[in-house]
Amino acid sequence: MGSKTPVVRQVSWLMLIPQLLVMAALIVLIALLFPPKPLMMSVAYGSFLYLLYSYGSRWLLLKSHRQGMALTQANDYRGAIEKYNESYHFFSDHPWIDRYRYFTLMSPSLISFREMALINIAFCYSQIGDGANTRLYYQKALAEFPDSEMAKMALKLIASIETKG
């Protein structure tokens, strides 16, 4: 069953290459450590280790982000704001995890989790009718991430609605 809440995912296709290299390295490592195994067993075990690391790191490090997404899907926008704030502060305290998310989280996301958190907070404020905080968080996202197309488009939309209203 699909969600009624719109979700935008921006993927950096170029950053899939390092992830494939990590998976290949794990396959080669398994093949070297256990040479009598058939190649397909090395591929299976290497792929399993890759998936274990990929899902495990996201499960551990993206807990607040995941909870925020679940609360957004459940239309609990106030609860989601709290979780996105936690996510934002976690990645602010550990910027290297977000900066190297292609390796630390095996995430090909084009935008950082800090930027996602700010945009999600702004979206949630818009859903509860708090226009001032909606604008504030989109502006904060744009201040921290000047190339944020999502924040730019949202602020243009807000401005166009205000001029027509």
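Our subject in this report is the structure included herewith. Residue numbers restart at each chain and count upward from 1, following the sequence in its written direction. Two thresholds apply to this predicted model, a pLDDT of at least 70 for residue-level local features and 80 or more for giving and counting side-chain atom pairs, whereas whole-chain, interface and lining totals are computed over all residues. Side-chain numbers come from the whole structure's heavy atoms, not from hydrogens or water.

**Some points on the overall build of the protein chain**
A tally of regular secondary structure across the protein chain gives nine helices and zero strands. Note on conventions: DSSP H or I runs of at least 4 residues are helices, E runs of at least 2 residues are strands, and numbering of each starts at the N terminus. When the helices and strands of the protein chain are placed in sequence order, the string is α-α-α-α-α-α-α-α-α. A compact globule built from 165 residues would reach a C-alpha radius of gyration of about 15 Å, whereas the protein chain, at 19 Å, exceeds it by more than 25%. For every residue, the accessible area (1.4 Å probe, protein chains only) is compared with the maximum for its type, and the residue is labelled buried under 20%, exposed over 50%, or partly exposed between those bounds. When the 165 residues of the protein chain are sorted by exposure, 37% land in the buried category. Just so you have it, the protein chain exposes about 10,200 Å², and 67% of that area is on carbon and sulfur atoms. Neither His nor the chain ends is counted toward charge; the positive residues are Lys and Arg and the negative residues Asp and Glu. A single reference atom marks each charge: NZ on Lys, CZ on Arg, CG on Asp, CD on Glu. Looking at the protein chain, you have 16 positive and 11 negative side-chain charges, and the mean spots of the two groups are 7 Å apart. Every radius of gyration here is taken over C-alpha atoms, with the globule rule written as 2.2 Å times N^0.38, N being the number of residues. Note on areas: these come from Shrake-Rupley sampling with a 1.4 Å probe, and a residue is covered only by the protein chains present in the view.

**With respect to the packing of helix 7 (residues 113-127) against helix 8 (residues 131-144)**
Axes are the key here: two packed helices are described by the angle between their axes and the distance separating the axes. For the pair helix 7 and helix 8, the least separation of the axes is 7 Å and the interaxial angle reads 165°. The orientation of helix 7 relative to helix 8 falls into the category roughly antiparallel. At the point where helix 7 passes helix 8, the crossing takes the left-handed sense. In contact with R114, L118, I119, I121, A122, F123, Y125 and S126 of helix 7, helix 8 contributes N133, T134, Y137, Y138, K140, A141 and E144. Tallied by class, the residues present in the contact of helix 7 with helix 8 amount to nine nonpolar, three polar and three charged. Axis lines are fitted through C-alpha atoms, for helices just across the contact stretch, and the angle between N-to-C directions can take any value from 0 to 180 degrees. Here is the rule for angles: anything less than 35 degrees is roughly parallel, anything more than 145 is roughly antiparallel, 65 through 115 is roughly perpendicular, and the remaining ranges are oblique. We call a crossing left-handed when the near helix sits turned anticlockwise from the far one by less than a right angle, and right-handed when that turn is clockwise. Should any heavy atoms of two residues lie within 4.5 Å, those residues are considered in contact. Residue classes follow a fixed rule: Ala, Val, Leu, Ile, Met, Phe, Trp, Tyr, Cys and Pro count as nonpolar, while Asp, Glu, Lys and Arg count as charged, and any other residue, Gly among them, counts as polar.

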